[in-house]
Amino acid sequence: MEITSFSPLIMSNDADSIAKVFEDMGFVKQHEKKDVPETNHAGGFRMKDAAGHNVSIGQVDRLQRDMTAIQMNVSDFDEAMELLSSRGFKNMRGEGNVIDTGSSKTAVMISPAGYAINVVYHIK
């Protein structure tokens, strides 16, 4: 499995206010994913600053408080999921529940210690 990018992800029910903080620090939106109603995924965006630092911000309406995770884009989704599962990680949405937007697949995996990795595969 190849990791194609690795950066922070902030999930919130108020992504726009978080984006404003990062805009004030010099970040700009680079890529935006729109609402995908059938998956209960409200979308989000990736931001980048002049030095090349990235942060992703996801709009997740059902969260009661913000959650920070690592976003890990990978070349093989199934392999990444198997690797994390074999180390005790659990899918936040339940076993086998993956968001498939047609252009990407994603699942937030929670470690036994409580930290989260959002596994993302961009379908080519």
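Our subject is the structure listed above.
Anyway, here's the lowdown on the structure attached to this text. Owing to the predicted nature of the structure, the values given are computational and were not obtained by experimental measurement. (Residues numbered from 1 in each chain as written. Predicted model: local features only at pLDDT ≥ 70, side-chain atom pairs only at ≥ 80, totals over all residues. Heavy atoms only, no water.)

This brings us to the nonpolar core. Core analysis: the largest hydrophobic core is formed by 11 residues, namely Met 72, Val 74, Phe 77, Ala 80, Met 81, Leu 84, Phe 89, Ala 107, Met 109, Ile 117 and Val 119. When residues of this core are traced back to their parent elements, those giving at least two are strand S5 (67–74), helix H2 (77–86), strand S8 (104–110) and strand S9 (116–122). A total of four residues in this core trace back to one element, the largest contributor, which is H2. Dropping the residues within four chain positions of it, Met 72 is found in contact with Ile 3, Ser 5, Phe 6, Ala 80, Leu 84, Ile 117, Asn 118, Val 119 and Val 120. Within the second largest apolar cluster, 10 residues are counted, among which are Ile 10, Phe 45, Met 47 and Ile 57. (Core = buried A, V, L, I, M, F, W, Y, C linked by side-chain atoms within 4.5 Å. Buried < 20%, exposed > 50% of the residue type's maximum accessible area, 1.4 Å probe, protein only. Helix = DSSP H or I, 4+ residues; strand = E, 2+ residues; numbered from the N terminus. Contact = heavy atoms within 4.5 Å.)

Burial analysis of S8 places five of its seven residues in the buried class, the great majority of the element. Here strand S7 (residues 99–100) pairs with S8 via two bridges, running antiparallel. The residue bridging Ile 99 from the neighbouring strand is Thr 106, located in S8. Counting the residues in the hairpin turn of S7 and S8 gives three residues, including Gly 102, whose phi is positive at 95 degrees. By the bridge criterion, seven bridges tie S8 to S9 in an arrangement that is antiparallel. Directly across from Ser 104, in S9, lies its bridge partner His 122. (Pairing = 2+ DSSP bridges.)

This part takes up the pattern of salt bridges. Summed over all chains, the structure comprises one salt bridge. With a closest N to O distance of 2.8 Å, Lys 20 and Asp 24 form a salt bridge. With a gap of four residues between them, Lys 20 and Asp 24 both fall in helix H1 (residues 15–24), about one helical turn apart. Lys 20 gets classed as partly exposed once you look at its relative accessible area, which sits at 44%. Since its relative accessible area comes to 56%, Asp 24 is described here as exposed. (Salt bridge = Lys/Arg side-chain N within 4 Å of Asp/Glu carboxyl O.)

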